Amino acid sequence: MARQYDPRLREFADVREAAFLDAIEKHGKPTLAAKALGLHHSVVIRALDNLEKRAAKMGFSPRHDMTRACPPGFRSRGTSTLVKGDGTIAMQWVKTEVDKSQDEAILREFAESLADGVKALAPITPPPEHTLSDLLCVYPQGDPHVGLHSWWAEAGEDFDLKIAERLMCAAIDRLVAIAPAAETALLLNLGDMFHADNQKNESQSGHKLDVDGRWAKVQQVGLRAMLHCVRRLLEKHKRVILRINRGNHDGHSAYALALMISCYFHDEPRVEVDLSPAVAWYFQFGKVLMGSTHGDTIKGPDMLPIMAADEPEKWGETTHRYWYVGHVHHQDIKEYRGGTVEYFRTLAARDAWHAGQGYRAGRDMRLIVHHRIHGEIERHRADIGMLQEAA
Ligand SMILES: [Mn+2]
């Protein structure tokens, strides 16, 4: 008589064994099933014998009255059956033990799940197909102050780590969406990326700061937000330049952040992270020369003469000159002989101290588009209200 296989064995079968069980059900006998599959019958029988042995280890062997399978991670250590005089079962003990052979698999799966959210170097973003080589998009990030904590009842506005990250990302999302397909983009952080430079939660001059989260956590959020911004720019622009100016709040952390991002994009030639530690930074694009600094050391009226002194050749080659500056948290553009100096607003809320001092500036982020010959030709704006609605 042909061997019978219990259909409940499917629960323990792999794909191949399940196919053998299906074929036996269809053709009646293992020999016929093997023939239909083009295999020798010993192959099918050996595979299903193995399946029965494996199921028995798990406590399932109906031919031996073992029908209580063990939970995952356990295996049967044996069963004791009390059989009555008429042959029926009066009682059965199913003894289980931890299946050590599955320990490693379970641990491995757990270890892999730990790494779910972790990515190593930057994934490659495919470059955009068409870009305009005469255009440059500048995305100035005015004083993000990641880590600042404000309470609306005291400061009139709420601000914390989550809000900071959401606003930075939403602003870039909106501005990149409306940006022209310029070949080159400059992500220009104007300083004070971080509210506090260390665990002491003090400014460089020793003033106590209102900080949300531990320093390490703030660093992680800042890095994550900046990586989002760079990757978003890579979708639209062929070449992305990142400059992070150091501010009066983050003299050390700002530079560490630039280093981290340069390592992250080590294998991505489309990203250039500027690692100059200089306070004044210059960038030439055709007839356009721009300078950037946080603004706590050099003052506006001195900036254009300093540019001419620092970069006499670039000064001579260009006709459109701009300074992009942060620090004051409000909008201010002034034209001087030779160029303009522009201070930018921030997306960050004011803290309790600034609220008390009467600071009430608007909050937004800009995108400024330059032409290689004609200088600034258009600009766009993401207002805080739009970003709060979108979030
Ligand atoms: Mn600031």
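The protein appears in an unreviewed UniProt entry as Oxidoreductase from Paraburkholderia panacisoli.

**Things to note about the coordination of the manganese ion**
Donor atoms from the polypeptide that coordinate the manganese ion comprise D143 (OD), H145 (NE2), D192 (OD) and H329 (NE2), at 2.1 to 2.4 Å from the metal. Read in sequence order, the donor residues for the manganese ion give the motif D-x1-H-x46-D-x136-H. Of this pair, H145 sits in the loop between β5 (132–141) and α5 (152–155) while D192 sits in the loop between β6 (182–189) and α7 (215–236), and the two are 47 residues apart along the sequence.

**What to know about the layout of surface pockets**
The computed volume of the largest pocket comes to approximately 720 Å³. In this structure, the largest pocket is lined by 30 residues; those nearest its centre are H249, H329, D351, W353 and H354. Across the lining of the largest pocket, the residue classes break down as eight nonpolar, 14 polar and eight charged.

**Notes on the state of the cysteines**
Using the criterion set out here, one finds zero disulfides in the structure. Free cysteine: C169, not disulfide-bonded; nearest cysteine sulfur from C229 at 5.4 Å. For the unlinked cysteine C263, the closest cysteine sulfur is that of C229, found at 19 Å.

**Notes on the nonpolar core**
Of all hydrophobic cores here, the largest spans 52 residues; its most connected members are Y139, V146, L187, M226 and I261. Of the residues forming this core, the biggest block, eleven residues, is contributed by helix α6 (residues 161–178). Counting 17 residues, the second largest nonpolar core, distinct from the first, contains L21, V44, A47 and A55.

**Brief notes about empty space enclosed by the protein**
Across all of its chains, the model carries three cavities of 30 Å³ or more by this definition. Volume-wise, the largest cavity comes out at about 70 Å³. For the largest cavity, the full set of lining residues is P140, Q141, G142, P144, M168, T346, L347, D364 and M365. Only β5 and β14 (364–371) provide two or more residues apiece to the lining of the largest cavity. Grouping the constituent residues of the lining of the largest cavity by class yields five nonpolar, three polar and one charged. Approximately 40 Å³ is the volume found for the second largest cavity. Looking at the second largest cavity, the residues that line it are R243, N245, R246, A278, V279, T293, H294 and D296.

**Concerning the packing of aromatic side chains**
Applying the stated criterion across every chain yields a total of six aromatic pairs. Relative to F265, the ring of Y264 has its centre 5.0 Å away and its plane inclined at 80 degrees; by these criteria the two rings are edge-to-face. Each member of the pair, Y264 as well as F265, carries the same accessibility label: buried. On the basis of an interplanar angle of 70 degrees and a centroid distance of 5.5 Å, the ring pair of Y324 and F344 is categorised as edge-to-face. Separated by 20 residues along the polypeptide, Y324 in strand β11 (residues 320–325) and F344 in the loop between β13 (339–343) and α11 (352–356) bring together distant segments of the chain. For F344, a relative accessible area of 4% corresponds to the buried category. Among the aromatic residues, those joined into a ring-pair cluster are Y322, Y324 and F344. It is R321 that lies over the ring of W315; its NZ or CZ is 3.9 Å from the centre. When the ring centre of F285 is taken as origin, the NZ or CZ atom of R372, which lies over that ring, is 4.4 Å away.

Parameters and conventions
- Residues numbered from 1 in each chain as written.
- Predicted model: local features only at pLDDT ≥ 70, side-chain atom pairs only at ≥ 80, totals over all residues.
- Heavy atoms only, no water.
- Donors = N, O, S within 2.8 Å, 3.2 Å for Na, K, Ca; no water.
- Helix = DSSP H or I, 4+ residues; strand = E, 2+ residues; numbered from the N terminus.
- 1 Å grid on protein atoms, 1.4 Å probe; cavity = no way out; pocket = protein on both sides within 12 Å on 5 of 7 lines; lining within 4 Å.
- Points joined across faces, edges and corners; volume = space filled by probe spheres on them.
- Nonpolar A, V, L, I, M, F, W, Y, C, P; charged D, E, K, R; others polar.
- Disulfide = S-S within 2.5 Å.
- Core = buried A, V, L, I, M, F, W, Y, C linked by side-chain atoms within 4.5 Å.
- Buried < 20%, exposed > 50% of the residue type's maximum accessible area, 1.4 Å probe, protein only.
- Phe/Tyr/Trp six-rings, centres within 6.5 Å; stacked < 30°, edge-to-face > 60°.
- Lys NZ or Arg CZ within 6 Å of the ring centre and 35° of its normal.

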